[in-house]
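# Working through the structure, step by step
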Amino acid sequence: GTGPYRLETWKRKWKIIMTRNEEFREEHYPCQGEPGDSALGLLRDCGEPVPFIDHVHYRFIEEQYATWMLFLSGQLDAGGIPRETFEEVITVDKELSDTWRERQISLKRYALPVVFWIVFNMEDPVLRSSVSLRRAICLGYDVESQIEVLYNGRGRRAVNIVPSSFKGHAEAGPGLYYRYDLDAARAMLDTARGELDAAGLLEDGEVPQLKIDMVGGAGEANAARYADFMRQQFAKLGVRLKVVFNDWPTLQRKVHNKQVQMYTMGWHADYPDAENFLQLYYSGNIDKGTNNANYVNPVFDSLYEAVRVMQDSPERTAVYARMINIVSDECPVLLLHEPESYLLIYDWLLNVKPHPVGYGFTKYHKLNTGMRARSGGRT
């Protein structure tokens, strides 16, 4: 009850309406920012009381195409770009085309502190018994093609478990197995067969079929496309893959109960520090459900226990890098990509500056309702 807005309406899977809180404390629009903010007009309301908008409407729209059509008709002030229309809107230089600029639309493009991955359950007998199998899968998966084919190039390959903007990432460098090299992957798979043979886990002399769980349904276009791409990647390596579709609660339950062999997921930073990602591999967090790869490494654990009480320093960053490299060597996850977000905004919505971790910035947003009405937008 102390924030700039209070909840007025909440209708499940339909809409949320927030209304200005008349009892909100006196707070003003900032007068300082990053270099370039003034030129972008982001400091034009310096010192003015916030919030500026009386009512904020959030709509639940399940279909991406429907969201896109509502944005085009001016019924939404901001929106993303569907995969199918991306090339019509964005140039080869990843900028907004002139046609769309003429429609009083601007583009906000920003990297997200997120890493998507395929998790290997390290308690699964097959995956646990062969580090070479995990390395082979990482080497044989064409992540760059996935970014282009499935996401229109909106992102960059993840080369270690920490986002590229965080301390420790550059110091650790790319993981040896987080690159696409099909020849090296096939050679590594030969080694994996030997490891699995020694554990008595081969089936007719071959790697047994692997199973991956993901969110989505077979009838959903994006999920089906993703599943087909994964099958193709594993098939090139000579490994059979079964894809199991789940809704989100079911996948969470199966992961928590360790009922998955592999699954697709990712992590969005809660705060801008590498520890937020390193905690995912600390064995003490297995029972807490945070380390859901069920990864155990005593050396990593001892370093984590030391580093989590260290102050920010070059020494701590060096330990971060060492920990990242331990995980990169053992490959408890197949790293996929760090996404890049493309947000389209009508020029009548002002003071929008996306923040990858922070929240609560709606109070700074401002609407030019006259421009919106003249342009045929929602009134």
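Because the structure is a prediction, the values reported are computed rather than measured.

Our focus in this paragraph is the overall build of the chain. Tallying secondary structure elements over the chain gives 14 helices and 14 strands in all. Taken over the C-alpha atoms alone, the chain extends approximately 75 × 50 × 40 Å along its principal axes. Scored against the burial criterion, the 379 residues of the chain give a buried share of 46%. Put simply, of all contacts in the chain between residues at least 6 apart along the chain, 67% involve residues at least 24 apart. For the chain, the exposed area adds up to about 19200 Å²; of that, 50% sits on carbon and sulfur atoms. Side-chain charges in the chain split into 44 positive and 51 negative, and the spacing between the mean points of these groups amounts to 4 Å.

What follows covers the packing of aromatic side chains. Applying the stated rule across the entire model yields 15 aromatic pairs. Between the aromatic rings of tryptophan 117 and tyrosine 281, the centroid separation amounts to 6.4 Å while the plane-to-plane angle is 75°, which identifies the pairing as edge-to-face. Residue tryptophan 117 is found in strand S6 (residues 114-120), and its partner tyrosine 281 is found in the loop between helix H11 (275-278) and helix H12 (298-307); the two are separated by 164 residues along the sequence. The two residues tryptophan 117 and tyrosine 281 agree in class, both being buried. When the ring of tyrosine 141 is compared with that of phenylalanine 234, the centres are 6.4 Å apart and the planes differ by 80°; the resulting orientation is edge-to-face. Separated by 93 residues along the polypeptide, tyrosine 141 in the loop between helix H5 (131-140) and helix H6 (143-151) and phenylalanine 234 in helix H9 (residues 221-237) bring together distant segments of the chain. Of the two residues, tyrosine 141 and phenylalanine 234, both sit in the buried class. Chaining the aromatic ring pairs together yields one cluster made of Trp68, Phe71, Trp100, Tyr346 and Trp348. When the ring centre of tryptophan 14 is taken as origin, the NZ or CZ atom of lysine 15, which lies over that ring, is 4.6 Å away. Over the face of the ring belonging to phenylalanine 52 we find lysine 366, whose NZ or CZ atom lies 5.0 Å from the ring centre.

This part takes up the sheet that holds strand S1 (residues 5-11). Pairing within the open sheet is antiparallel, and its 3 strands lie in the order S1-S2-S3. Two strands close off the open sheet at either side, each with one partner strand: S1 and strand S3 (55-59). Here the strands of the sheet are splayed against their neighbours by 15° on average, with no regard to which way each runs. Bridging between strand S2 (residues 15-20) and S3 involves 5 bridges; their strand directions are antiparallel.

Of all 10 residues in H5, 9 are buried; the element is thus mostly enclosed. The complete set of buried residues in H5 reads Ser132, Leu133, Arg134, Arg135, Ala136, Ile137, Cys138, Leu139 and Gly140.

Before going further, it helps to spend a moment on the state of the cysteines. According to the stated counting rule, one finds 1 disulfide in the structure shown. Each sulfur in the disulfide pair cysteine 31 and cysteine 46 lies 1.9 Å from the other. Looking along the S-S bond of the cysteine 31-cysteine 46 disulfide, the torsion reads about 90°, which is the right-handed sense. Placement of the pair is cysteine 31 in the loop between S2 and S3 and cysteine 46 in the loop between S2 and S3, with a sequence separation of 15 residues. Of all cysteine sulfurs, the one in cysteine 138 lies closest to cysteine 331, which takes part in no disulfide; the gap is 4.1 Å. Exposure remark for cysteine 331: the relative accessible area of 0% places this residue in the buried category.

Looking now at the environment of tyrosine 177. Inspection of the secondary structure puts tyrosine 177 in the loop between helix H7 (169-172) and helix H8 (182-198). Judged by its relative accessible area of 10%, tyrosine 177 is buried. The spacing of tyrosine 177 and aspartate 37 is 140 residues in sequence and 40 Å in space, taken between C-alpha atoms. In contact with tyrosine 177, other than residues within four places in its own chain, are Arg135, Cys138, Leu139, Met188, Ser328, Asp329 and Cys331.

Next up on the list: the sheet that holds strand S8 (residues 210-215). The 5 strands lie next to each other as S9-S8-S10-S6-S11, forming an open sheet whose pairing is mixed. Of all the strands in the sheet, just strand S9 (241-246) and strand S11 (333-335) have a single pairing partner and so form its edges. Across the sheet, the mean angle from the axis of one strand to that of its neighbour is 35°, orientation sign disregarded. Alignment of S6 against strand S10 (residues 262-268), held across 7 bridges, turns out to be antiparallel. In the sheet register, phenylalanine 120 faces S10, and the bridge partner there is methionine 262.

Let us now look at helix H10 (residues 248-256). Within the span of H10, buried status applies to Leu251, Lys254 and Val255. End-on, the buried residues of H10 take up no more than an arc of 100°, which puts them together on one face. For H10, the exposed residues set more than 90 degrees away from the buried face come down to Pro249 and His256. Backbone geometry just after H10 places lysine 258 at a positive phi near 60°.

All right, on to the nonpolar core then. Trp117 and Tyr141 are the most contacted members of the largest nonpolar core, which has 73 residues in total. Residues Ile81, Phe86, Leu107 and Leu344 belong to the second largest nonpolar core, which totals 19 residues.

Rules behind the numbers
- Along each chain, residues carry numbers from 1 onward, in the same order as the chain's sequence is written.
- Residue-level local features of this predicted model are given only where pLDDT is at least 70; pairs of side-chain atoms are given and counted only at 80 or more, and the full residue set underlies all totals for whole chains, interfaces and linings.
- The side-chain quantities take in all heavy atoms of the structure and omit both hydrogens and water.
- Secondary structure elements are defined from DSSP: runs of H or I of at least 4 residues count as helices, runs of E of at least 2 residues count as strands, and each element is numbered from the N terminus.
- Relative accessibility decides the category of a residue: with a 1.4 Å probe and only protein chains considered, values under 20% of the type maximum give buried, values over 50% give exposed, and everything between is partly exposed.
- Note on definitions: a residue-residue contact is assigned when non-hydrogen atoms from the two residues lie within 4.5 Å.
- Surface accessibility follows the Shrake-Rupley procedure with a 1.4 Å probe radius. Residue values consider only the protein chains on display as shielding.
- The charge count includes Lys and Arg as positive and Asp and Glu as negative, but it does not include His or the ends of the chains.
- By convention, the point assigned to a charge is CZ for Arg, NZ for Lys, CD for Glu and CG for Asp.
- Note on aromatic pairs: the rings of Phe, Tyr and Trp (six-membered ring only in Trp) are paired at centre separations within 6.5 Å, and the planes decide the class, stacked below 30 degrees, edge-to-face beyond 60, tilted for the rest.
- The rule is short: NZ of Lys or CZ of Arg within 6 Å of the ring centre and within 35 degrees of the ring normal puts a charge over the ring.
- In short, DSSP must find at least two bridges between two strands for them to pair.
- Interaxial angle, 0 to 180 degrees, is taken between N-to-C directions of lines fitted to C-alpha atoms, where a helix line uses only the stretch in contact.
- Any cysteine sulfur atom paired with another within 2.5 Å is treated as part of a disulfide.
- By arc we mean the arc of the directions from the helix axis to the C-beta atoms, nothing more.
- Residues enter a nonpolar core if they are buried and are Ala, Val, Leu, Ile, Met, Phe, Trp, Tyr or Cys, with the set joined through side-chain atoms within 4.5 Å.

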